[in-house]
Amino acid sequence: MKKDVRKSKTLSILLTCATMAGYSSTFVATAHAAEMKEFSLDTVVVTASRVQTNKVDTPANIDVITNEKLNTNNYADAADALRDVPGVNILSAGTGGVNMGQDQILLNGDSRVLVMIDGRRVNVASTGTYSSSWLPPINAIEKIEVLKGSGSALYGTDAVGGVINIITKSGTKTQVTAKVAGGSWGTEQYGVSASGSKENGVGLFVTANKNRRGNYSYKNRATGDVSEIANSYYDSTGATIKIDKKIGKDNKLTLAAEHFLSVGGSPFGTPGYVNTASDSYERLNNNVSLRYDWNLAKDNAGFVQAYKNYHHANFYSTIVDNVSDFNEDKYGIEAQQNWKLAENNHFTAGIDYYDTKVTNNSLYENGDKSVNNKAVYMEDRWGFAPSWQLNSGLRYDKHSTAGGKFTPHFAVNKKFNEDSNAYISWGRVFNAPNTDTLFWYQPGYSMFGNLDLKPETGSVLTVGFNTKTSASTSVSASYFNSKIDDAIDWESDANYLYKPVNIDSEKRHGIELAVNHKLSDNWSLNASYTYLHIEKDKGSGFATDGATKPNVYRAGVRYKNAKWIADLTLRAGTGQDTTRYTSSSYATLDLGAQYKINKNIKLFAQLNNLNNAAYEEMANSYNTWTNSINCYYPMPSRNFVVGMEYNF
């Protein structure tokens, strides 16, 4: 009862603050209209409603990593960029994604996250997730949209915690960009991108990248020593291509393909144990899509898209039961149409189908398994009063293992001005069992899948606001609450067989606060705080999930002039469970700098973990594990990268 009262108070406070901030912002905007225009929140987003809308008109907790931010930060990859978004957590161990558990993306503490590239789903069927290390390279990305909260009404299964949509670049002006960098532990980074277009409407954009690094080091919290993690090297290559052809004035045909290959050592065996043997991995992704858009600049825009994703994983080990070799082939097709029903009423409807075949002779009995899904969805966006909007949506999925599921969604947005809005969003969600939980067969470890699993179902509520309190200060806040029934987790039964089961339920709630402030033309500040609480009921009452990072802080200061950009970033966490992490708290400092020699040449340097902290991003899976190295999945110690980028 007390918890419900606290949640009600939190919700009331956020709604009151949203209203007050919105009307306060209206007054400020009137007084400083000319100044506010430069900083108006008019970013266009597509992920929340599957159509282009201004962020201020979108009733959802959505963040955008813009192209400018990607260009002015020294991000090594997309995972680095995502770490700057409040509410995002990457389960990393510094090893380049040696297994499915590492480099998972969590939104609001939930790993049930749909990952898309240009609106095309790429999650693998074996785990239902997608590693952040497989995302397109930075030089191929135009922007990244992060939707936190219910996404099932438009996207179906996997979109419980939210949606990550990577929007890639298209060919425009003729330009070639090359990048080379090096750093700690033999780090080498090479990248090249080229774009161009012709008067006949053909555009081309291509990239090629290579990244490799030797064994990394970590700091032992108990001794203070910095030690090398043997067999933790990685070596990856990748390439993308995107060809656009304008057909008429408002139509476009797009062919896109992505290639990614990564090999490396696999130093972590069972959680918390460093395996210094020769275990290694290889991962290969080859994806291709063909899309046709019509009426792009009109209210009745639509598209049809067909795609094929291929994923191959191979784990090598001297231990027979650790060997795994599997392939996934996913074929999908989707179509969508928009209509303008009235001046303030727009309607979207679409269909979505995909079929995935997983071949895993090592870990699945009888090898080949497959899942498929057929879906139809619709959403109505109604401006029912000046500055008010109601979004209502419904999706029906027919999943080969989860059965038929309806997922409705309702959201209300109040727009105070071009720089302020408040919203409340509620939606039903569901998540189908993945093929690992259904078909796993590993007698050597007494691990077996469960064909009787039910899909995870539940609902997610999100309420929040965005505002500008002045021409130089923006504030956003949100609260979410979710409850998932029949949540799937691996458990040991009375016969010591380890298998996935539907536990009673999971409950999550959290708060997210972010502030950005411009001190002057050269100096700016940013800060964010996220609170997260997760409880799981496995039949004996709700208990706090020890893997949760309850309090996460981020603060940064930036200096920028015509030549220089410098960033100092603090990241910290408190309240961690010391049976799952080596400490209850941590703090790291990162320092980055760029110097623009001229319009074509840029030098950059990045110093990570400046204070040489000992910390982990991913919790140990077993709270009774005896840890021989005083760390579970250690993050890298102090390290650096320096490089140059050249446009010609």
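Residues numbered from 1 in each chain as written. Predicted model: local features only at pLDDT ≥ 70, side-chain atom pairs only at ≥ 80, totals over all residues. Heavy atoms only, no water.

Q: Can you lay out the overall build of the protein chain for me, pointing to particular residues and giving the numbers?
A: Along the protein chain, the regular secondary structure elements total six helices and 38 strands. In the protein chain, buried positions account for 52% of the 648 residues. Put simply, 62% of the contacts in the protein chain that link residues at least 6 apart link residues at least 24 apart. Total accessible area on the protein chain is roughly 27,400 Å²; 57% of this is exposed by carbon and sulfur atoms. (Helix = DSSP H or I, 4+ residues; strand = E, 2+ residues; numbered from the N terminus. Buried < 20%, exposed > 50% of the residue type's maximum accessible area, 1.4 Å probe, protein only. Contact = heavy atoms within 4.5 Å. Areas by Shrake-Rupley, 256 points an atom, 1.4 Å probe, with all protein chains shown as cover.)

Q: Outline the sheet that holds strand S3 (residues 61–65), supporting the account with residue identities and numerical values.
A: Here we have five strands laid out as an open sheet, ordered S3-S8-S9-S6-S7, and mixed in their pairing. Two strands in the sheet have a free side with no partner beyond their single neighbour: S3 and strand S7 (120–121). Here S3 runs beside strand S8 (residues 141–148); their pairing, made up of five bridges, is antiparallel. Bridge pairing links Asp63 to Val146 in S8. (Pairing = 2+ DSSP bridges.)

Q: If you had to explain the side chain of Thr462 to someone new, which residues and values would you point to?
A: Tracing the backbone through its elements, the reader meets Thr462 in strand S27 (residues 456–470). When neighbours within four sequence positions are excluded, Thr462 is seen to be in contact with Asn61, Lys148, Gly149, Tyr423, Ile424, Ser425, Tyr479 and Phe480.

Q: Mind laying out the nonpolar core, listing which residues take part and the relevant values?
A: Ranked by internal contacts, the top residues of the largest apolar core, which has 26 residues, are Leu82, Val88, Ile105, Leu135, Ile144, Val146 and Ile164. Counting only elements with at least two residues in this core, the list comes to helix H4 (78–82), strand S4 (88–91), strand S5 (104–107), strand S6 (113–117), S8 and strand S9 (162–168). In this structure, Val45, Ile62, Leu114 and Ala159 belong to the second largest nonpolar core, which totals 13 residues. (Core = buried A, V, L, I, M, F, W, Y, C linked by side-chain atoms within 4.5 Å.)

Q: Tell me about the side chain of Lys148, and please be specific about residues and values.
A: Considering the arrangement of structural elements, one finds Lys148 in strand S8. Of note is the side chain of Lys148, whose polar atom sits 2.5 Å from the side chain of Asp63. (Polar contact = N/O pair within 3.5 Å; in protein donor to acceptor, adjacent residues only side chain to side chain.)

Q: How would you summarise the packing of aromatic side chains if you had to cite specific residues and measurements?
A: This structure, assessed with the given rule, holds 17 aromatic pairs. Taking the centre distance of 6.3 Å and the plane angle of 70 degrees together, the rings of Trp185 and Tyr216 count as edge-to-face. Highlighted residues: Trp185 in the loop between strand S10 (175–183) and strand S11 (187–197) and Tyr216 in the loop between strand S12 (202–213) and strand S13 (217–219), separated in sequence by 31 residues. Owing to a relative accessible area of 22%, Trp185 belongs among the partly exposed residues under this scheme. Aromatic pair Trp523 and Tyr559: ring centres 4.9 Å apart, planes at 55 degrees, arrangement tilted. Here the residue Trp523 occupies a position in strand S32 (residues 523–537), and Tyr559 occupies one in strand S34 (residues 551–560), the gap between them amounting to 36 residues. (Phe/Tyr/Trp six-rings, centres within 6.5 Å; stacked < 30°, edge-to-face > 60°.)

Q: Can you lay out the environment of Asn561 for me, pointing to particular residues and giving the numbers?
A: One can find Asn561 in the loop between S34 and strand S35 (564–574). Side chain to side chain, Asn561 and Tyr559 meet in a polar contact 3.0 Å long. Only 2.5 Å separates the side chain of Asn561 from the backbone nitrogen of Trp564, close enough to count as a polar contact.

Q: Kindly report on the environment of Ala375, identifying the contributing residues and their values.
A: Structurally, Ala375 can be placed in strand S21 (residues 368–385). Those residues within four positions of Ala375 in sequence are excluded, and the remaining contacts are Gly350, Ile351, Asp352, Arg395, Tyr396 and Asp397.

Q: Tell me about a nonpolar patch on the surface, residues and numbers included.
A: A contiguous nonpolar surface patch, about 570 Å² in accessible area, is contributed by Leu204, Ile241, Ile243, Ile247, Leu253, Leu255, Val288 and Leu290. Mapped by element, the contributors of at least two residues to the nonpolar patch are strand S15 (234–247), strand S16 (251–265) and strand S17 (280–294). Tallying contributions element by element places S15 first for the nonpolar patch, with three residues. For Leu204, the location among the structural elements is in strand S12. (Patch = residues over 30% accessible without salt bridge, like charges linked within 9 Å, V, L, I, M, F, W, Y side chains within 5 Å. Salt bridge = Lys/Arg side-chain N within 4 Å of Asp/Glu carboxyl O.)

Q: Can you break down the pairing of S35 residue by residue, with the values?
A: Every regular strand shows the same layout, with side chains that alternate between the two sheet faces. Pairing between S34 and S35: 10 bridges, direction antiparallel. Bridge assignment links Val557 to a residue of S35, and that residue is Leu568. Hairpin remark: S34 followed by S35, antiparallel, with three residues in the connecting loop. One ladder, built from 10 bridges, connects S35 with strand S36 (residues 586–596); its direction is antiparallel. Each residue of the ladder has a partner; that of Leu568, found in S36, is Leu591.

Q: Give a description of the pattern of salt bridges that names residues and reports values.
A: Within the structure shown, the criterion is met by 38 salt bridges. A salt bridge links Arg50 to Glu334; the shortest N-O distance between them is 2.9 Å. A residue pair is termed long-range when its members are at least 10 positions apart, and Arg50 in the loop between strand S1 (44–45) and strand S2 (53–54) and Glu334 in strand S19 (residues 324–342) qualify at 284 residues. Residue classification places Arg50 among the buried residues on the basis of a relative accessible area of 12%. Take Glu334: its relative accessible area is 4%, and that puts it in the buried class. Between Arg212 and Glu188 there is a salt bridge whose closest N-O contact spans 3.1 Å. Taken together, the residues span a long stretch of sequence, with Arg212 in strand S12 and Glu188 in strand S11 at a distance of 24 residues.

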